[in-house]
Amino acid sequence: MISLKTPSEIAIMRENGRILALTLRAICEEVTLGKSTASLDHLAEALIRKAGAKPAFKGYQGYPATICASINDEVVHGIPSERLLKAGDILSIDIGLFREGLYMDMATTVPIGDIDEAADHLLRVTEESLWQGIKRVTIGNRLSDISHAIGSYVKSKGLHVVREYVGHGIGRKLHEDPQIPNYGLPGQGPRLQPGMVFAIEPMVKTDPEPTRVLDDNWTVVTATGGLAAHFEHTVALTERGIDILTIGGE
Ligand code: MF3
Ligand code: CO
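The following paragraphs examine the structure supplied in this document. (Residues numbered from 1 in each chain as written. Chains lettered and ligands numbered in written order. Predicted model: local features only at pLDDT ≥ 70, side-chain atom pairs only at ≥ 80, totals over all residues. Heavy atoms only, no water.)

The next point concerns the pattern of salt bridges. In the structure shown here, the tally under the stated rule is eleven salt bridges. Ionic pairing is found between D243 and R14, a salt bridge with its closest N-O pair at 2.7 Å. Of this pair, D243 sits in strand β15 (residues 241-244) while R14 sits in helix α1 (residues 7-30), placing them 229 residues apart in sequence. We classify D243 as buried; its relative accessible area is 18%. Of the residues examined, R14 reaches a relative accessible area of 33% and is grouped as partly exposed. For the salt bridge of D120 with R124, the shortest nitrogen-to-oxygen distance reads 3.0 Å. Of this pair, D120 and R124 both sit in helix α3 (residues 117-135), four residues apart, which is roughly one turn of the helix. The structure contains a network of salt bridges with shared partners spanning E45, R49 and K58. (Salt bridge = Lys/Arg side-chain N within 4 Å of Asp/Glu carboxyl O. Helix = DSSP H or I, 4+ residues; strand = E, 2+ residues; numbered from the N terminus. Buried < 20%, exposed > 50% of the residue type's maximum accessible area, 1.4 Å probe, protein only.)

Next up on the list: the site of ligand 1. In the vicinity of ligand 1, the contacting residues are F57, Y60, Y63, C68, H77, D94, D105, H168, H175, E201, W218 and E232. The contact in question runs from an oxygen atom of ligand 1 to an N or O atom on the side chain of H175, over 2.5 Å. With respect to ligand 1, the side chain of E201 contributes an N or O atom lying 2.8 Å from an oxygen atom. More than half of the atoms belonging to ligand 1 lie within 2 Å of the grid points that define the largest pocket. For the shell around ligand 1, a count of residues per class yields five nonpolar, three polar and four charged. (Near = heavy atom within 4 Å. Polar contact = N/O pair within 3.5 Å; in protein donor to acceptor, adjacent residues only side chain to side chain. 1 Å grid on protein atoms, 1.4 Å probe; cavity = no way out; pocket = protein on both sides within 12 Å on 5 of 7 lines; lining within 4 Å. Sits in = over half its atoms within 2 Å of the grid points. Nonpolar A, V, L, I, M, F, W, Y, C, P; charged D, E, K, R; others polar.)

Turning our eyes to something else, we now look at the coordination of the cobalt ion (ligand 2). With distances of 2.0 to 2.2 Å, the protein atoms coordinating the cobalt ion (ligand 2) are D105 (OD), H168 (NE2), E201 (OE) and E232 (OE). Sequence positions of the residues that donate to the cobalt ion (ligand 2) give the spacing D-x62-H-x32-E-x30-E. Linking D105 in strand β5 (residues 102-111) with E232 in the loop between β13 (228-230) and β14 (233-238), this pair joins segments that are 127 residues apart in sequence. When sorted by exposure, D105 lands in the same class as E232, which is buried. (Donors = N, O, S within 2.8 Å, 3.2 Å for Na, K, Ca; no water.)

The next point concerns α3. Between its terminal C-alpha atoms α3 stretches 27 Å, which fits the 27 Å expected from 19 residues at 1.5 Å a residue. Those residues of α3 not exposed but buried are A119, L122, L123, V125, T126, S129, L130, Q132, G133 and I134. Among the residues of α3, the N-terminal cap falls to D116, whose side-chain oxygen and the backbone nitrogen of A118 are separated by 3.2 Å. (Expected span 1.5 Å × (residues − 1).)

Further remarks concern the layout of surface pockets. Remark: the empty space left among the atoms is shown by a probe the size of a water molecule rolled over them. Approximately 450 Å³ is the volume attributed to the largest pocket. Lining of the largest pocket is provided by 25 residues; of these, Y60, H77, H168, H175 and E201 occupy positions nearest its centre. If you list the elements that add at least two residues to the lining of the largest pocket, you get β7 (167-169) and β8 (176-180). In terms of residue count, the dominant contributor to the lining of the largest pocket is β8 (four residues). A breakdown of the residues in the lining of the largest pocket according to their chemical character gives eleven nonpolar, seven polar and seven charged. Within this model, the second largest pocket holds a volume of roughly 310 Å³. (Points joined across faces, edges and corners; volume = space filled by probe spheres on them.)

Listed below in structure tokens is the structure:
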């Protein structure tokens, strides 16, 4: 069952999205070689709490941090650590918050110093695939139109979407129905209608094999060491059309 949000809930989520986007932007400005991902995590938690919100991931199924920091072949759910970022790395930062009873979720992948051509291609294709998905969020479309747009775009660029993890509804819970895979046929699933709020999050990699989880029981890595990237926005569908909530403004 997809829960529909009222306009006043969407107004709160819009403010949550603004806070989250500004927070992630501030973190990204601190990303440089020689930094640890733990230091980025501490900054993230401080900024979220200062804004009167709580980290959404910390404590979620025992997850120990505010952000997920996934480097190079780490796909998602990398735990922040004292590992130092180095030139040529790519870093996926996933961040969520909870405020006034409602969750918000977003992610981006950033280059550290100069990155090679393959990494640059991966970042550009993954981000563009998110926008291809977002473009399909319109009243009357089917849910899988989003999935298909992402998956077919990524495939056309010679890269591979992660199939084991998916986008999701979001609101009173971090993960609500429906699941939003980043692949599949168009024209299936429920019709999109005002009040729906989705976290759309393509995870893309250079190798085709399924991912695996490290012994820490969190960090998801590619099977053969290929690079992975992750971009995510939370979007609301309203009577006036799509509203991308995780955009900072100005
Ligand atoms: N952004 C991730 C998601 O949408 C959340 C990270 S999982 C957590 O599912 F356990 F770290 F919270
Ligand atoms: Co998410």
